[in-house]
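Breakdown of the fold
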Amino acid sequence: MFKAKVYVTYKPSVLDPKAEVIKTALSRMDYHNVDDVLYGKYFELKLSGTEAAVRKQVDTICDQLLANVNMETYRFDLEPITEDEA
Amino acid sequence: MKAAVISFPGSNCDLDLQWAVQQIAGADCELIKQEQTDLSSYDVVMVPGGFSYGDYLRSGAIARFSPVMTALKDFADAGGYVLGICNGFQILTEAGLLPGALQWNRDLNFICEPVTLTVDRADTAFSNQYRVGEQLTLPIAHGEGNYYADPETLAELEANDQVVFRYTDNPNGSVHDIAGVTNAAGNVLGMMPHPERAVEALLGGTDGLGLFQSLIQQTKGADIRGTR
């Protein structure tokens, strides 16, 4: 079994209004050293299969569903888990 | 003209759209469900506004997997006319039937107000009853209507003249003020403003009626009714 941790964020060329609002809020908290905020989505999937097959499958799942690649990018980490952790 | 409006779970502009097409513009218009797999008997298929599947994940992201969407892709590939309004526009971009994507409005507000559009193209199936440069007032009602396309896609759709409607005073941050855009072939249009909410004086305006009259003219299956 593997656990895939998937991170989806806007492409750098897309202005993300929610991240801008968070940055404004941080400056109201007097955290003036926060230069940039990235806001996104986080998913965890548990899958069985060989590592190569699972990696390919998660990539397809991200591309086809979890991210809209017209405006978002994604990355993911795969970690092996035992049946107990699953 | 024989039209269909797809009702997804969570669609809420489907009956308004059917009313506008049938009772006001005077064409046949059926409500169909997301399970339908054959659209070959229609000239025009419309994807209405609303919150299909609760907008889970992203607006339109889940509706894309409905059985009717495979049929809709075949229908569009065969040259059938497809109109997506608001959530319908979001669904069509998610399904890859239109370029780009819709993201959160620039100011994060859900905006519900009449806006002014300028007609950029009056030679499409959806806009042949308008004039280039004509200004239309149509309502918008969306939180995620901020149209985005990457610079290459944007250059391509401008070069192909795919932009049909632009906001005169951009309410949501859409690139190039885009309010309505077609696919490269010109038989699929997506737009955030609601033409079906502007088809009777009682509703505050009739500027949306021309869109349905354009489709009737294009498909030549019914007499044009209603007055703008």
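Residues numbered from 1 in each chain as written. Chains lettered and ligands numbered in written order. Predicted model: local features only at pLDDT ≥ 70, side-chain atom pairs only at ≥ 80, totals over all residues. Heavy atoms only, no water.

Going by what an unreviewed UniProt entry lists, chain B is known as Phosphoribosylformylglycinamidine synthase subunit PurQ and is assigned to Lacticaseibacillus chiayiensis. The record held by UniProt for chain B lists under Pathway (unreviewed entry) the comment "Purine metabolism; IMP biosynthesis via de novo pathway; 5-amino-1-(5-phospho-D-ribosyl)imidazole from N(2)-formyl-N(1)-(5-phospho-D-ribosyl)glycinamide: step 1/2." Looking at chain B in UniProt, the text filed under Subunit (unreviewed entry) is "Part of the FGAM synthase complex composed of 1 PurL, 1 PurQ and 2 PurS subunits." (UniProt positions renumbered as here; feature names shortened; annotations may be inferred.)

Under an unreviewed UniProt entry, chain A has the name Phosphoribosylformylglycinamidine synthase subunit PurS and belongs to Lacticaseibacillus chiayiensis. Chain A has a UniProt comment under Catalytic activity (unreviewed entry) that states "N(2)-formyl-N(1)-(5-phospho-beta-D-ribosyl)glycinamide + L-glutamine + ATP + H2O = 2-formamido-N(1)-(5-O-phospho-beta-D-ribosyl)acetamidine + L-glutamate + ADP + phosphate + H(+)".

A word on unusual backbone geometry
Phi angles above zero are rare outside glycine, and A:Asp30 is one such case at about 70°. Within the fold, A:Asp30 resides in the loop between α1 (17–28) and β2 (40–47). Note on A:Asp30: relative accessible area 58%, which makes it exposed. Unusually for a residue other than glycine, B:Cys86 sits at a positive phi of about 60°. (Helix = DSSP H or I, 4+ residues; strand = E, 2+ residues; numbered from the N terminus. Buried < 20%, exposed > 50% of the residue type's maximum accessible area, 1.4 Å probe, protein only.)

Focus: the environment of B:Ser40
Residue and element names in this part refer to chain B. Along the chain, the position of Ser-40 falls in the loop between β2 (28–33) and β3 (44–47). Assessed through its relative accessible area of 60%, Ser-40 is described here as exposed. Each C-alpha atom, one on Ser-40 and one on Phe-110, is 36 Å from the other, the two residues being 70 residues apart in sequence. A polar side-chain atom of Ser-40 sits 2.7 Å from a polar atom in the side chain of Asp-38. (Polar contact = N/O pair within 3.5 Å; in protein donor to acceptor, adjacent residues only side chain to side chain.)

Digging into helix α1 (residues 14–24) of chain B
Residue and element names in this part refer to chain B. Of the residues making up α1, those classed as buried are Asp-14, Leu-17, Gln-18, Ala-20, Val-21 and Ile-24. Contact partners of the buried residues in α1: β1 (2–7), β2, β3, β4 (81–85) and α5 (209–219). Of the residues one or two after α1, Gly-26 is the one with positive phi, at around 85°. (Contact = heavy atoms within 4.5 Å.)

What to know about the UniProt feature "active site" (unreviewed entry) in chain B
All names here are of chain B. Within the UniProt annotation, "active site" (unreviewed entry) is assigned to Cys-86, His-194 and Glu-196. In sequence the annotated residues extend across 111 residues, while in space they remain close, none of their C-alpha pairs exceeding 11.0 Å. By the secondary structure assignment, Cys-86 is in the loop between β4 and α3 (87–94). Sequence-distant contacts of Cys-86, defined by excluding residues within four places in its chain, comprise Gly-49, Ala-141, His-142, Met-191, Met-192 and His-194. Assignment of secondary structure puts Glu-196 in the loop between β11 (188–191) and α5. Among the residues examined, Glu-196 registers a relative accessible area of 3% and is labelled buried. A distance of 2.8 Å separates polar atoms of two side chains, one belonging to Glu-196 and the other to His-194.

A closer look at the sheet that holds β3(B)
All names here are of chain B. In spatial order, the strands read β2-β1-β3-β4-β11-β10-β9-β6-β7; together these nine strands make up an open sheet with mixed pairing. Here the strands that pair on one side only, and so sit at the sheet edges, are β2 and β7 (135–142). Put simply, the sheet's adjacent strands are angled 25° from each other on average, direction ignored. Where strand β6 (residues 111–119) and β7 come together, eight bridges link them in antiparallel fashion. Bridge pairing in β7 places Glu-113 opposite Ile-140. (Pairing = 2+ DSSP bridges. Axes fitted to C-alpha atoms, helices over the stretch in contact; angles between N-to-C directions.)

Let's talk about the side chain of A:Asn68
The topology assignment puts A:Asn68 in the loop between α2 (51–66) and β3 (72–80). Judged by relative accessible area, which is 6%, A:Asn68 ranks as buried. If we skip the residues at most four places from it in the chain, A:Asn68 touches B:Arg58, B:Glu94 and B:Ala101.

Remarks on the sheet that holds β3(A)
Residues and elements named next belong to chain A. Taken in spatial order, the three strands of this open sheet run β2-β1-β3, and their pairing is antiparallel. Edge strands, defined here as strands with exactly one partner in the open sheet, are β2 and β3. Pairs of neighbouring strands in the sheet enclose a mean axial angle of 20°, with direction left out of account. Two strands pair when backbone bridges link them, and strand β1 (residues 2–10) and β2 are joined in this way by eight bridges, in the antiparallel orientation. Bridging across to β2, Lys-3 finds its partner in Lys-46. Seen against the sheet, α2 touches β1, β2 and β3 and runs at an angle of roughly 155° to β3.

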